[in-house]
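What follows is each chain in one-letter form.
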Amino acid sequence: MKKKLNLSILGAGVLLLLSACGRSDVTSHSTGLWERLILMFGKAIQGLSFGGSIGLGIIIFTILIRAVMIPLYNRQIKSSRELQELQPELRRLQSEYPGRENREALAYAQQDLYKEHGVNPYASFVPLLIQFPILMALYGALTRVPELREGTFLWVDLGQKDPYFILPILAAAFTFLSTWLTNKAAKDRSAMLLVMNIMLPIFIFWFGTQISSGVALYWAVSNAFQVIQILVFNNPFKIIEERNRLEMEEKERKAKIRRAKKKAHKRK
């Protein structure tokens, strides 16, 4: 199972879906439940726009939303990592039960493996399902609340595309860095996964050049936050260091056992 590849594809799919969401403006006169949620997000961003800077409000609100979702993200990463650690065992089972005729036996064997290691193969999707409407509402606020499409921030007009492509480049760069860090400690990295890690940032860059600067700003800040989040809570360098330490300890343990057996054999 290539869960991380699926998550990357899902991320791209989310962007496509978001870009196709409703386009009509959301105001205080809107009555739909979804529109009211979008308006609530829009009002929150306005309330955080200190000095009347909508760009600053977008940055602060994005950071707050990402901070609230840290437990969900950590759970998602933990589940994905647990599945990644089982990939060698899953491949072994696939070789033991090849072909369609063994599909049912393979499924039972995989379930037993998950149960043995206390892993839920679907746990990583639960946080995504919770995050999805939140991200959609935030995107909707940035694109459908008229007040958030007005004003300037640094060099950009928030309602227009970034003329220098700086925000799309930042969004793409942080996307690449976050996916690279996420997969850095993975034991199993397929060629398709590596291709997606390159294609997704390219898609993000293209997407960023087609949307307003306000949305591109949100995407750049969100992915920058994710990079920091990975380094703080799921640092791949620490994971690799710990894995190497455990492997070294296991080698030393086995070496001690071999030496003890040799000594016992010499005494006989």
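Reading the values: the criteria
Residues numbered from 1 in each chain as written. Predicted model: local features only at pLDDT ≥ 70, side-chain atom pairs only at ≥ 80, totals over all residues. Heavy atoms only, no water. Helix = DSSP H or I, 4+ residues; strand = E, 2+ residues; numbered from the N terminus. Expected span 1.5 Å × (residues − 1). Buried < 20%, exposed > 50% of the residue type's maximum accessible area, 1.4 Å probe, protein only. UniProt positions renumbered as here; feature names shortened; annotations may be inferred. Patch = residues over 30% accessible without salt bridge, like charges linked within 9 Å, V, L, I, M, F, W, Y side chains within 5 Å. Areas by Shrake-Rupley, 256 points an atom, 1.4 Å probe, with all protein chains shown as cover. Salt bridge = Lys/Arg side-chain N within 4 Å of Asp/Glu carboxyl O. Axes fitted to C-alpha atoms, helices over the stretch in contact; angles between N-to-C directions. Parallel < 35°, antiparallel > 145°, perpendicular 65-115°, else oblique. Left-handed = near helix turned anticlockwise from the far one by under 90°. Contact = heavy atoms within 4.5 Å. Nonpolar A, V, L, I, M, F, W, Y, C, P; charged D, E, K, R; others polar. Lys, Arg positive; Asp, Glu negative; His and termini not counted. Charge placed at Lys NZ, Arg CZ, Asp CG, Glu CD. Polar contact = N/O pair within 3.5 Å; in protein donor to acceptor, adjacent residues only side chain to side chain. Phe/Tyr/Trp six-rings, centres within 6.5 Å; stacked < 30°, edge-to-face > 60°.

Novice: An account of helix 10 (residues 213-233) is requested, with residue identities and associated values reported.
Specialist: For helix 10, which comprises 21 residues, the first-to-last C-alpha distance of 30 Å matches the rise-based estimate of 30 Å (1.5 Å per residue) to within 8%. With 17 of its 21 residues buried, helix 10 lies for the most part within the structure.

Novice: With reference to specific residues and values, describe the UniProt feature "transmembrane region" (unreviewed entry) in the protein chain.
Specialist: Taken from the UniProt record, the annotation "transmembrane region" (unreviewed entry) applies to residues 47-73, 122-143, 163-181, 193-211 and 217-237. Measuring from the first to the last C-alpha atom of residues 217-237 gives 29 Å, for a span that is 90% helix and 0% strand.

Novice: Describe a nonpolar patch on the surface, naming the residues involved and giving the relevant values.
Specialist: A cluster of nonpolar side chains, contributed by Phe 176, Leu 177, Trp 180, Val 195, Ile 198, Met 199, Ile 202, Leu 231 and Phe 237, occupies part of the molecular surface with about 790 Å² of accessible area. Secondary-structure elements contributing two or more residues to the nonpolar patch are helix 8 (166-184) and helix 9 (191-210). Looking at the nonpolar patch element by element, the count peaks at four residues for helix 9. Mapped onto the secondary structure, Leu 177 falls in helix 8. Look at Leu 177 and you get partly exposed, because its relative accessible area is 32%.

Novice: Can you lay out the pattern of salt bridges for me, pointing to particular residues and giving the numbers?
Specialist: As enumerated under the stated definition, the model contains five salt bridges in all. We note a salt bridge from Glu 249 to Arg 245, for which the minimum N-O separation is 2.4 Å. Taken together, the residues Glu 249 and Arg 245, both in helix 11 (residues 236-267) and four residues apart, mark about one turn of the helix. The class for Glu 249 is partly exposed, based on a relative accessible area of 38%.

Novice: Account for the packing of helix 8 against helix 10, naming residues and giving values.
Specialist: Where helix 8 meets helix 10, the closest approach of the two axes is 8 Å, and the angle between their N-to-C directions is 25°. As far as their axial angle goes, helix 10 and helix 8 are roughly parallel. For the element pair helix 8 and helix 10, the recorded crossing hand is left-handed. Of the residues in helix 10, those in contact with Leu 167, Leu 170, Ala 171, Phe 174, Thr 175, Leu 177, Ser 178, Leu 181 and Thr 182 of helix 8 are Ser 213, Ala 216, Leu 217, Trp 219, Ala 220, Asn 223, Ala 224, Gln 226, Val 227, Ile 230 and Leu 231. The residue inventory of the contact of helix 8 with helix 10, partitioned by class, reads 14 nonpolar, six polar and no charged.

Novice: An account of a positive patch on the surface is requested, with residue identities and associated values reported.
Specialist: Together, Lys 254, Lys 256, Arg 258, Arg 259, Lys 262 and Lys 263 line one region of the surface with positive charge. Position of Arg 258 among the secondary structure elements: in helix 11.

Novice: I'd like a description of the side chain of Thr 179, backed by residues and values.
Specialist: Along the chain, Thr 179 falls in helix 8. At 2.9 Å, the side chain of Thr 179 forms a polar contact with the backbone oxygen of Phe 176.

Novice: Break down the packing of aromatic side chains for me, citing the residues and quoting the values.
Specialist: Inspection of every chain in the model, using the stated rule, returns six aromatic pairs. Considering the side-chain rings of Trp 180 and Phe 237, the 6.3 Å spacing of their centres and the 55° angle between planes classify their relative orientation as tilted. Of this pair, Trp 180 sits in helix 8 while Phe 237 sits in helix 11, and the two are 57 residues apart along the sequence. What makes Trp 180 partly exposed here is its relative accessible area of 35%.

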